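A structural walkthrough
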Amino acid sequence: MQRRFHAPVVLPADPSCSLLRDAVVDVDADGRISYCGPAATAPGSAAPVTTLTGILLPGLVNTHAHSPMTLLRGMGGDLPLLPWLNEIIWPAEAKLRPEDVRTGMLLGSVEMLRHGVTTSAEMYFEGEQLVDAVLTTGGRVLVAPPVMELPGLDWRAQLAGIERWIDTDGLRFGHGDRIELGYGPHSAYMLSEEALRATAESARSRGALVQIHVAEAAKEDTAVREAHGSVPALLRELGMLDGRMLAAHAIHLSDSDIALFAAHGVGMAHCPGSNAKLASGIARIKDLREAGVAVGLGTDGPASNDDLDLWEELQLAAMFARLATGDSTVLTAADVFLLATRGGASALGRSDIGALEPGRWADLVHIDLDDPAFACGLDVPDEQLLSNLVWAAGSRRVRDVWVAGEQVVAEGESVKVDRAKVQAGVAETAARLRA
């Protein structure tokens, strides 16, 4: 159904991060945006009008997550990355049943949607269960089933399973292209060169996105650096940079690594909260952006962050970049807002989400103004209003959310699932895992 949204303020997330006053967003019957601009110059329309009282903006894009790990939230929370993985997380994940992944993803998806995050890029097991959960909540996901070499895991079988799924269902499916399938090779230190090369070739031949952890912890890839100079250098040798690729974390990069990413169009998922919690380091965001690398923001998993609130990552990204450079202007409120929207979409290679522009999916978020953060009103300068949104309000006043024009959150709660029942399901599963 066609619909018009009329709001006192619209943030379309265009490249200049403009702010529109008294504006409308028109959505066509397929759920795509047909117009975004001033109400005074909007085309005539007989579509029903939804009148909003706050700020309308595009759904945020979480470029790196393991959201089913809501089941493991808080486990090993004070350990560094590698002991946390080897001693806590992987043993716990070995106990998971397929249906547990759906349970965890239901809560993760609801949590994100309530924060205005309409899209997430997920790397996790049991992809069919994960997809079913997202279709149930009404969110949008790019799912990358993992390819790993661990006892009991056959990377060839994992790769063949991904290929069958893509060849059967296609890269994208679901109303509004809600689901995109891809590949999730865990990391260079978890896979042989043969496995990495085979994954790269398979994904490239299908035009699929590869999501992979790159240079997250200084000690994780010592052998790779000694043999090849760096992880990006190895991935270039194996052909992975020649296809669509998203590098998650990408903290410990050299100048030549950054140049490789820029030359090959590699996207980067910046996860400042998880990086700080695990003491992994501070990514070189200023240098990456200046080189032309598409950078988005990610939460990482809810067991290493420990929430899925991307608004916190906006603040942390700006603060860490300022601390790292000694420059309080290096990442502004407008810069990080674009990283969480348009930039995230670009990092994932998606031109159909992340902004309110004709042709893109109508993934919309309504921010209510009844909050001390907006007590100064809407008549403040544009820069001040955006600053209040990013630095003061965050996700606190997300009231309504639409994905492909379909409402999935109203008055701060999911309209698709019963959150209390979802949380009870997680509690039951988590208790079994502890036992």
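Residues numbered from 1 in each chain as written. Predicted model: local features only at pLDDT ≥ 70, side-chain atom pairs only at ≥ 80, totals over all residues. Heavy atoms only, no water.

The name an unreviewed UniProt entry assigns to the protein chain is Ethylammeline chlorohydrolase, from the organism Amycolatopsis rifamycinica.

Turning next to the overall build of the protein chain. From N to C terminus, the protein chain includes 15 helices and 20 strands. Computed over its C-alpha atoms, the radius of gyration of the protein chain comes to 21 Å, within 12% of the 22 Å expected for a compact globule of 435 residues. For the protein chain, the spread of C-alpha atoms along the principal axes amounts to about 60 × 45 × 40 Å. In the protein chain, which comprises 435 residues, the proportion classed as buried is 58%. Long-range contacts, defined here as pairs at least 24 residues apart, represent 72% of the contacts in the protein chain between residues at least 6 apart. (Helix = DSSP H or I, 4+ residues; strand = E, 2+ residues; numbered from the N terminus. Rg over C-alpha atoms; globule rule 2.2 N^0.38 Å. Buried < 20%, exposed > 50% of the residue type's maximum accessible area, 1.4 Å probe, protein only. Contact = heavy atoms within 4.5 Å.)

Attention now moves to the packing of aromatic side chains. If you walk through the whole model with that rule in mind, you get two aromatic pairs. Here Phe5 and Trp402 contribute two aromatic rings whose centre-to-centre distance is 4.8 Å and whose plane-to-plane angle is 70 degrees, an arrangement assigned as edge-to-face. With Phe5 in strand E1 (residues 3-10) and Trp402 in strand E18 (residues 398-403), this residue pair connects regions lying 397 residues apart in the sequence. A residue is classified by how much of its surface remains accessible, and Trp402, at 1% relative accessible area, is buried. Aromatic pair Tyr124 and Phe125: ring centres 5.6 Å apart, planes at 75 degrees, arrangement edge-to-face. (Phe/Tyr/Trp six-rings, centres within 6.5 Å; stacked < 30°, edge-to-face > 60°.)

Next up on the list: the side chain of His213. Mapped onto the fold, His213 is located in strand E13 (residues 209-214). Given the relative accessible area of 7%, His213 is considered buried. One polar contact links His213 to His64, side chain to side chain, over a distance of 3.3 Å. Of note is the side chain of His213, whose polar atom sits 3.4 Å from the side chain of His66. Apart from the residues lying within four places of it in its own chain, the contact partners of His213 are His64, His66, Met123, Pro185, His186, Ser187, Ala188, Ala248 and His249. (Polar contact = N/O pair within 3.5 Å; in protein donor to acceptor, adjacent residues only side chain to side chain.)

Each assigned domain of the protein chain is listed here: domain 1 (3-58 + 353-413) and domain 2 (60-348). Spacing between the C-alpha centres of domain 1 and domain 2 amounts to 28 Å. At the interface, 36 residues of domain 1 touch 31 residues of domain 2. Summed over both sides, the interface of domain 1 with domain 2 buries roughly 2,700 Å², with 66% coming from carbon and sulfur. If you sort the residues of domain 1 by the area they bury against domain 2, Ile353, Val390 and Trp391 come out on top, with a joint share of 23%. Here domain 1 is connected to domain 2 by four salt bridges. For Glu357, the salt bridge is made with Arg342, and the minimal N-O distance between the two is 2.7 Å. Of all the secondary structure elements, the ones that give two or more residues to the side of domain 1 that touches domain 2 are strand E5 (55-58), strand E17 (364-367), helix H14 (382-393), E18 and strand E19 (406-410). (Domains from an automatic or database assignment. Buried area = accessible area lost by both parts, 1.4 Å probe. Salt bridge = Lys/Arg side-chain N within 4 Å of Asp/Glu carboxyl O.)

So, about a negative patch on the surface. Together, Glu99, Glu126, Glu128 and Asp169 make up a negatively charged patch on the protein surface. Mapped onto the elements, Glu126 comes out in the loop between strand E7 (117-123) and helix H3 (127-137). Residue class for Glu126 comes out partly exposed when judged on its relative accessible area of 36%. (Patch = residues over 30% accessible without salt bridge, like charges linked within 9 Å, V, L, I, M, F, W, Y side chains within 5 Å. Areas by Shrake-Rupley, 256 points an atom, 1.4 Å probe, with all protein chains shown as cover. Lys, Arg positive; Asp, Glu negative; His and termini not counted. Charge placed at Lys NZ, Arg CZ, Asp CG, Glu CD.)

Here the focus is H14. Relative to the 16 Å expected for 12 residues at 1.5 Å per residue, H14 spans 15 Å between its end C-alpha atoms, a close match to the ideal helical length. Turning to H14, its buried residues are Leu385, Leu386, Asn388, Leu389, Val390 and Ala393. Residues of H14 that are buried sit in contact with E1, strand E2 (20-27), E5, helix H11 (310-325), helix H12 (333-339) and E17. Taken from the residues just after H14, Gly394 is the one with a positive phi, measuring 60 degrees. (Expected span 1.5 Å × (residues − 1).)

The amide bond that connects Asn305 to the next residue, Asp306, takes the cis arrangement and shows omega of 15 degrees. Position of Asp306 among the secondary structure elements: in the loop between strand E16 (294-297) and H11. Phi at Asp177 takes a positive value of approximately 50 degrees, unusual for a residue other than glycine. With respect to the helices and strands, Asp177 occurs in the loop between strand E10 (172-173) and strand E11 (179-181). Owing to a relative accessible area of 23%, Asp177 belongs among the partly exposed residues under this scheme.

With that settled, consider the pattern of salt bridges. In the structure shown here, the tally under the stated rule is 28 salt bridges. Across the pair Asp352 and Arg172 runs a salt bridge whose closest N-O atoms are separated by 3.2 Å. One end of the pair, Asp352, is in the loop between helix H13 (342-347) and E17; the other, Arg172, is in strand E10, with 180 residues separating them in the sequence. Residue Arg172 is classed as partly exposed on the basis of its relative accessible area, which comes to 33%. Measuring nitrogen to oxygen at the nearest pair gives 2.6 Å for the salt bridge that ties Glu180 to Arg350. Of this pair, Glu180 sits in strand E11 while Arg350 is found in the loop between H13 and E17, placing the two residues 170 residues apart along the sequence. Through salt bridges with shared partners, one network takes in Arg172, Glu180, Arg244, Arg350 and Asp352.

At a closest axis distance of 8 Å, the pairing of helix H2 (residues 98-114) and H3 adopts a crossing angle of 35 degrees. Judged by the sense of rotation from one axis to the other, the crossing of H2 with H3 is right-handed. Across the interface between the two elements, Pro98, Glu99, Val101, Arg102, Met105, Leu106, Ser109, Val110 and Leu113 of H2 pack against Gln129, Leu130, Asp132, Ala133, Val134, Thr136 and Thr137 of H3. (Axes fitted to C-alpha atoms, helices over the stretch in contact; angles between N-to-C directions. Left-handed = near helix turned anticlockwise from the far one by under 90°.)

Following the UniProt record, one finds the feature "domain: Amidohydrolase-related" (unreviewed entry) at residues 55-408. Taken end to end, residues 55-408 comprises 42% helix and 18% strand; its first and last C-alpha atoms sit 17 Å apart. (UniProt positions renumbered as here; feature names shortened; annotations may be inferred.)

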